[in-house]
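Secondary and tertiary structure notes
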Amino acid sequence: MPEPMTVSFPPAFLWGAATSAYQIEGAVREGGRTPSIWDTFSHTPGKTAGGDTGDIAVDHYHRYRDDVALMAELGLNAYRFSVSWPRVRPTGRGPAAQAGLDFYRRLVDELLSHGIKPAVTLYHWDLPQELEDAGGWPERDTALRFAEYAQLVGEALGDRVEQWITLNEPWCSAFLGYGSGVHAPGRTEPAATLRAAHHLNLAHGLATQALRSVLPAHRSVAVSLNSQVIRPLTQSPADLAAAQRIDDLANGVFHGPILHGAYPATLLEATSSVTDWSYVLDGDLADIHQPLDALGLNYYTPALVSSPGSAPNGPRADGHGTSAHSPWPGSEDVAFHQTPGERTAMGWTVEPSGLYDLITRYSREAPGLQLYVTENGAAYDDKPDADGRVHDPERVAYLRAHLAEVNRAIADGADVRGYYLWSLMDNFEWAYGYDKRFGAVYVDYATQERTPKSSALWYARAARTGELPPVEDV
């Protein structure tokens, strides 16, 4: 079989990896940190696989220097991490906890000393529990508190961090946290889901303004959306209409106000039986529609939908966990179908072309914005062999195919500046606990020993050369 042609990336392309605070840090009771909704959720019986929690996770809070050294060994030139809101501003209100800020100062300094560019995500789902007790994201006040928190972190790290991301995947926060209940805080309230989505949008806009008020010039402010690739089962008018309804709920509810200053009219109409949207106050859309420097896109798998009445037997196949409650308010009757093809350990179909479709969509929809793939990766059932090595050829093939699609999008004119592999290392995978391994680095959870998998070595070669090596077991 002939070798594929050389696939080369621009010299300034960022080769990164991504993590999030609750999934890796541990140390949940150190430095003044207070509980987040994920602490509460994971300690609630039946909410996570095996009753797993992030109490220790992979102990990154204590091992960050070794982890950064490992990133450098792997040739990464960028690292996207999230700041823990309850570690920096316990209870979500009041003054900053200097011990928390100092941890992130040390982490940033360590990254910079190794030539790794830090990208800070301010919110990756760990809402302080006290703010949830006051109503959580369905309440406007949460957005105001988030803007204050953003300013505190901006003041502390803005002199050293160039890339800022306000929210990660607000769809999951709203629709899985308040709709289907498979994510923290585990509520199942359709109207509250849409209220939460609006207040997350508002939080993004207010935080963007707060960051810009304290950051030096030439800092990049972005948001990371898990904008979903929604495909109709057929080209029938009914299936196309179903796809539009889901696209509005998955994508338009965020990119409409953030990029264009308005919610899609089709979204408002389709959800009119759920909410009257009266919580969208005068001035909100202007606050949300702030100029951005970049847009982060997270992609894993497409969704295949059809009109009501053609639902397959079994659980809803939308890839977002099993629940009797739908994360699709007003469109609970739309049918989801399992897309054909190879699947990961999550049951998600491997479909690299969806990443190309996503990038080129936003290249058209947000011309002038730099684009970053801020998450992309796959879970497989990785195990060490007798020699302690971890071979994961499936992930190598996954990464090469998806990075080739990024390269194709660049060749077709998309301004993609970097790629962040999800994830740097195995970690706490939310409701799946420690059962699903997304890492390029294997973690023995009993000993906390880190072992780069074949995919990490493959990715290191790509990062160092700017070219995609052939698919092989390194």
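Heads up: the structure comes first, above all this text.
What counts and what doesn't
- Residues numbered from 1 in each chain as written.
- Predicted model: local features only at pLDDT ≥ 70, side-chain atom pairs only at ≥ 80, totals over all residues.
- Heavy atoms only, no water.
- Pairing = 2+ DSSP bridges.
- Helix = DSSP H or I, 4+ residues; strand = E, 2+ residues; numbered from the N terminus.
- Axes fitted to C-alpha atoms, helices over the stretch in contact; angles between N-to-C directions.
- Contact = heavy atoms within 4.5 Å.
- Polar contact = N/O pair within 3.5 Å; in protein donor to acceptor, adjacent residues only side chain to side chain.
- Left-handed = near helix turned anticlockwise from the far one by under 90°.
- Nonpolar A, V, L, I, M, F, W, Y, C, P; charged D, E, K, R; others polar.
- Parallel < 35°, antiparallel > 145°, perpendicular 65-115°, else oblique.

Moving on, we come to the sheet that holds strand β8 (residues 303-306). Sheet architecture is open: three strands sit in the order β6-β8-β9, paired in mixed fashion. Strand pairing shows two members of the sheet lacking a second neighbour, β6 (230-232) and β9 (335-337), which therefore form its edges. Strand-to-strand twist of the sheet, defined as the mean angle between neighbouring strand axes without regard to direction, takes the value 40 degrees. As paired strands, β8 and β9 are joined by three bridges and run antiparallel to one another. Among the inter-strand pairings, Leu304 is bridged to a residue of β9, identified as His337.

Moving on, we come to the environment of Gln23. With respect to the helices, strands and loops of the structure, Gln23 is situated in helix α1 (residues 21-24). Along the sequence, Gln23 and Leu295 sit 272 residues apart, while their C-alpha atoms lie 23 Å from each other. If sequence neighbours within four positions are ignored, Gln23 has contacts with Ala57, Val58, His124, Trp422, Asn427, Phe428, Glu429 and Trp430. A distance of 2.9 Å separates the side chain of Gln23 from the backbone oxygen of Phe428, its partner in a polar contact.

This part covers the packing of helix α9 (residues 190-214) against helix α10 (residues 237-260). One can describe the packing of α9 onto α10 by two numbers: an axis separation of 10 Å at closest approach and a directional angle of 35 degrees. Handedness of the crossing formed by α9 with α10: right-handed. Residue-level contacts link Leu194, Ala197, Asn201 and His204 of α9 to Leu249, Val253, Phe254, Pro257 and Ile258 of α10. Across the contact of α9 with α10, the residue classes tally to seven nonpolar, two polar and no charged.

Okay, the packing of helix α14 (residues 393-411) against helix α15 (residues 454-465) next. Two elements in contact, α14 and α15, have axes separated by 8 Å at closest approach and are oriented at 30 degrees. Judged by the angle between their axes, α14 and α15 are roughly parallel. Of the residues in α15, those in contact with Arg395, Val396, Leu399, Arg400 and Leu403 of α14 are Ser454, Ser455, Trp458 and Tyr459. Here the residues of the contact of α14 with α15 sort into five nonpolar, two polar and two charged.

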